[in-house]
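# A closer look at the structure
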Amino acid sequence: MEALFSAVSLETAIAGSMIAPLVGLVFVAFLDRSPNLRESASIASGLVTLFFTLTIFTAVGTGARPELAIIEMLPGLEIKFKVEPLGALFGLIASGLWVVNTVYSIGYMRGHDAKGQTRFYMAFCVAISAALGIAYAGNLLTFFLFYEVLTISTFPLVTHERNEAARAGGRVYLGILMGTSIGLLLPGVIWVYGMTGTTDFVLGGILGDVFTNMPLVFGIMLALFAWGTAKAALMPFHPWLPNAMVAPTPVSAFLHAVAVVKAGVFGVLKVTVYTFGAANVAESVAADVILYVAAASILIASFIAMTQDNLKARLAYSTVSQLSYITLGAMLATKMGILGGGTQIAAHALGKMTLFMCAGAIATATHKKYISEMRGLGRVMPYTFIAYIIGACSIIGLPPLAGTWPKFFLMLSSVETGDLVLIAILILSSLLNIVYLLPPAVRAFMDPVPRDQVSEVNEAPLLSVVPAWLTAIGCLILFIYMGDLVRYLEPLVEGL
Amino acid sequence: MILDDLPVLPVIIPLFAAPICLLLPNTRLAGSFATLIAWVSFAFAAMLLATVAEVGPIEYGLGGWANPLGIVYRVDLAGAIVMTLVSLLASVVFPYAIESARDEIVPSQTSAFFAMFLICFSGLMGVVATGDAFNVFVFLEISSLSTYTLVALGAKRDRRALTAAFTYLVLGTIGATFFVIGLGLLYQVTGTLNMTDLHDRLQGADNKVIRAGYAFIFTGLGLKLAMFPMHRWLPAAYTYAPSAVTAFLASTSTKVAIYAMLRFLFTIFGFSFGFADIAFGFFLVLGLVGMFYASTVAIFREDVKMILAYSSVAQIGYMLLGISFATVDGVGAALVHVFQHAVMKTTLFMAVGAVFFALGSHRLSAYKGLGKTMPVTTGVFLIGGLSLVGVPLTGGFISKWVLVQAAFGSVQAIPSLLIVLMIVASSLLAVAYVGRIAWTMLLEEPTSRTPRKVPLAMMAPMLLMAAVTIYFGIDAEGLVNICRAAAESLLDTGLGYGGAM
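Basis of the calculations
- Residues numbered from 1 in each chain as written.
- Chains lettered and ligands numbered in written order.
- Predicted model: local features only at pLDDT ≥ 70, side-chain atom pairs only at ≥ 80, totals over all residues.
- Helix = DSSP H or I, 4+ residues; strand = E, 2+ residues; numbered from the N terminus.
- Rg over C-alpha atoms; globule rule 2.2 N^0.38 Å.
- Contact = placed C-beta atoms within 7 Å.
- Buried ≥ 20, exposed ≤ 12 C-beta atoms within 10 Å, placed from the backbone.
- Nonpolar A, V, L, I, M, F, W, Y, C, P; charged D, E, K, R; others polar.
- Expected span 1.5 Å × (residues − 1).
- Axes fitted to C-alpha atoms, helices over the stretch in contact; angles between N-to-C directions.
- Parallel < 35°, antiparallel > 145°, perpendicular 65-115°, else oblique.

### Quick notes on the overall build of chain A
When its secondary structure is counted, chain A shows 21 helices and 2 strands. Taking 496 residues into account, the globule formula puts the C-alpha radius of gyration at 23 Å, and chain A, at 21 Å, falls close to it. Over its C-alpha atoms, taken along the principal directions, chain A stretches across nearly 70 × 55 × 45 Å. Considering only residue pairs separated by 6 or more positions, chain A has 81% of its internal contacts joining residues 24 or more positions apart.

Next comes the structure, spelled out in structure tokens:
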């Protein structure tokens, strides 16, 4: 294994991880006429990408911090990459789950006889490349650039159906994501550069004590980043996420549970640790304000989720709620807070992707989208619904599933800061999770099948069920190896 | 030796070529000849830039008559940059104009069209090269008068070109009148028209006549460069002029007026003039308001050329903003934006011209589904559009970046952070109007009409300019440095010795 992952230099691996999907794109485009070859090209480039990200992940674990500078536009203004543990983790999750998702997409898209499949796979290639650019970005400018590429490249995926609903959803998607990133994030980046003359990510932050006596200014700046990365779906800039549910389910599963939303919360964590400095954030009053906005987001999104009958919409609001855990961890900015946020990125990715893939499997097999129509379905599609329950339990935070730990860390962190209200909110939220995530599955197993229902429904196709099970098992495995992951992320909280 | 005449060559070559061009019998011949002339001028301008960068400002007495008897040409770094830029754009647009003109202009008028083009070009170069205040007026009018004609030539495709040209003529002439009245007042006070002498004699002087002269000159120039709220002539003129004319004018004529303004602001009056601060305040406010007003109007227009024309008014706001900081960084940023905006707007207007050639319309409705039917043109348009928004890796990003940095470094009545937020907010408006066009091009279904094939002679210049847009977004250090040096030579030492004395 070791030998395999040291076969290429780390610089090559960084460049390769972003180029491989683009090479895949070219093949996908040329193999338009033969779907089997086309999907093979997608999976092959996914595996190559995974190889590169694994190489980087392993090396970063041993203390390497590979760098790669591409373009210097002006002195101090360059496009460059530098990998640290959090980015290596995000890169690995994104590229690993891309492969799983591609397999799942084949079942879903063919099962639905979807149009424009070549376009669909091509856009995916660009999106994954952009997500890796975000993960490995070495400064804020690079981060911003790939953040925008990700927004634009996922737009054709969101509007894939090309009907009026897709267009309306796409408009909200693009409007909110572009609006906040240009209106808030970009001024933030420019401001950081104006104050410090650099936008590099440096452990401990680059702002130093520039703002020690200016809490308000620091707060405004922090707010620019917290809301500017609207992919983190912090309220009130969350509506793009439910609106993006007009997309085909593989898009929701991968992009709106993993790549896009995680790019947002990854950004929040990253600027906390590498731009502002966790110590600065921990002392800031403004961070407390954002903290409570995140806490409120957690609760409000949960309440909205309870009212949704459309399974995907319910999952979307659940995502809004779960993402705010990470923002909350970043704003706590304690050791446990950061680690809780970092591990939640991984745990939530696995859990929520499982849920979405199950929702898609149900839709493929039965064309049912609403929870109220799913009564009794569990008996005909047990595998799908069991995977669903595993994913749901992980999100809720029940052992022995991965979602347990991040919540545990965040609780510890709130105990540390002595914030009782926060503890109460976290507990309440877990209860709410149970209330809105489990009933669909419980009713699917317990309720009788309605009489007027056609009984020709079968279990979903293999290509839909197996990937869901893969991520469900992933939840289990991550629970066991959480200690390793925490050790891996420990360099982030050095000195806290 | 011929190189001794460098400052004057790029100006007089097109001027003398224009009558010859008029005699050439057909479009292709006249166009090729004009293109050749533009290339020669560009070569000399580039040599001039290299020389000035090396040895500093060059002076040249026209006809061998030295100051104060003759007219003196004087080219410093800022001037050499603008001359190179203008001749570069002429070199790119003229070949594009050949096919475009065959389509859009009455055949019997095409030779005259290219002759006018050359005169306009010559006038613009002259404004920059000259060191004589009255000569600025002369060349400004040479370029303006030929421009009125060029705009009116759009009448074959759209009769509204005639009213647009007439409005432009009236307003442009009012501007020129204001300008020349101002010059007269200054002459009254100082007894000279030479810029350096004007500077010397105006040092420390301040009375009502000078103030009136100041106000007249900048009102006149403001009209010529379409400073808000004196921009009324620009949208119509740009919209109804032939495509190639718009591509050339949008990138050069307002830029040259900006240059003239810099000359008068810094070289002639300088910072010692007491009224300057108030004027800078005016530019700041008008620049900001123009940015928002014009961008907002652009969002609601249905004609793509009109949208881009209003966008030009907004972009002029950015340049005024940079100038109003009155710092080396600010003026440097304005010069960078002059360059980048010239490049991107030419790209955009050439793409619009290509669509007009193919479909005969620049209404937004004609742009439906162009991404499928005209992919290359769409790509070029999008590159220009991204640059207009200021996306990283395009030229527009660089100019906004340096402008914002300049804003942070400036001392203003309005806090610099607020200015930065306004710059960003107006970029969002640009996202809206560019996004609207991009949306139509990429996401709407194509109309049933099949576009005509766009000839290579139009395609190649477009692609070249798109490449330049990208290039100066990636490797901008040289550009930013040279613009900064030019700003330094303008601000710190005036004409090289003015302010330092």
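### Overview of the overall build of chain B
Helix and strand content of chain B: 19 helices and 2 strands. Taken over C-alpha atoms, the radius of gyration comes to 21 Å for chain B, in line with the 23 Å a tight globule of 501 residues would show. Projecting the C-alpha coordinates of chain B onto the three principal axes gives extents of approximately 70 × 55 × 40 Å. Every one of the 501 residues in chain B was classed for burial, and the buried ones make up 61%. Of the contacts made within chain B by residues no fewer than 6 positions apart, 80% connect residues no fewer than 24 positions apart.

### Overview of the interface of chain B and chain A
How big an interface is tends to be stated in terms of accessible area lost as the parts join. Taken together, the contact between chain B and chain A spans 21 residues of the former and 17 residues of the latter. If you list the elements that add at least two residues to the side of chain B that touches chain A, you get α16 (395-409), α17 (416-443), α18 (456-474) and α19 (477-491) of chain B. No other element matches the 7 residues that α17 of chain B contributes to the side of chain B that touches chain A. Of the residues belonging to the side of chain B that touches chain A, the class tally is 16 nonpolar, 3 polar and 2 charged.

### Concerning the environment of Met465 of chain B
In this fold, Met465 of chain B is placed in helix α18. Taking C-alpha positions, Met465 of chain B is 9.8 Å from Ile383 of chain B, a pair spaced 82 residues apart along the chain.

### Some details on helix α8 (residues 215-228) of chain A
Residue and element names in this part refer to chain A. Taking 1.5 Å per residue, 14 residues should reach 20 Å; α8 reaches 19 Å between its end C-alpha atoms and fits that length. Along α8, the positions that sit buried rather than exposed are Phe218, Met221, Leu222, Leu224, Phe225, Ala226, Trp227 and Gly228. Contact partners of the buried residues in α8: α7 (164-196), α10 (249-276), α11 (278-283), α12 (285-307) and α13 (311-332).

### Thoughts on the packing of α16 of chain B against α18 of chain B
All names here are of chain B. Relative to each other, α16 and α18 sit at 40°, their axes nearing to 6 Å. The pairing of α16 with α18 is recorded here as oblique in orientation. Between α16, through Gly395, Phe397 and Ile398, and α18, the contact on the second element is made entirely by Thr469, Phe472 and Gly473. Counted by class, the contact of α16 with α18 contains 3 nonpolar, 3 polar and no charged residues.

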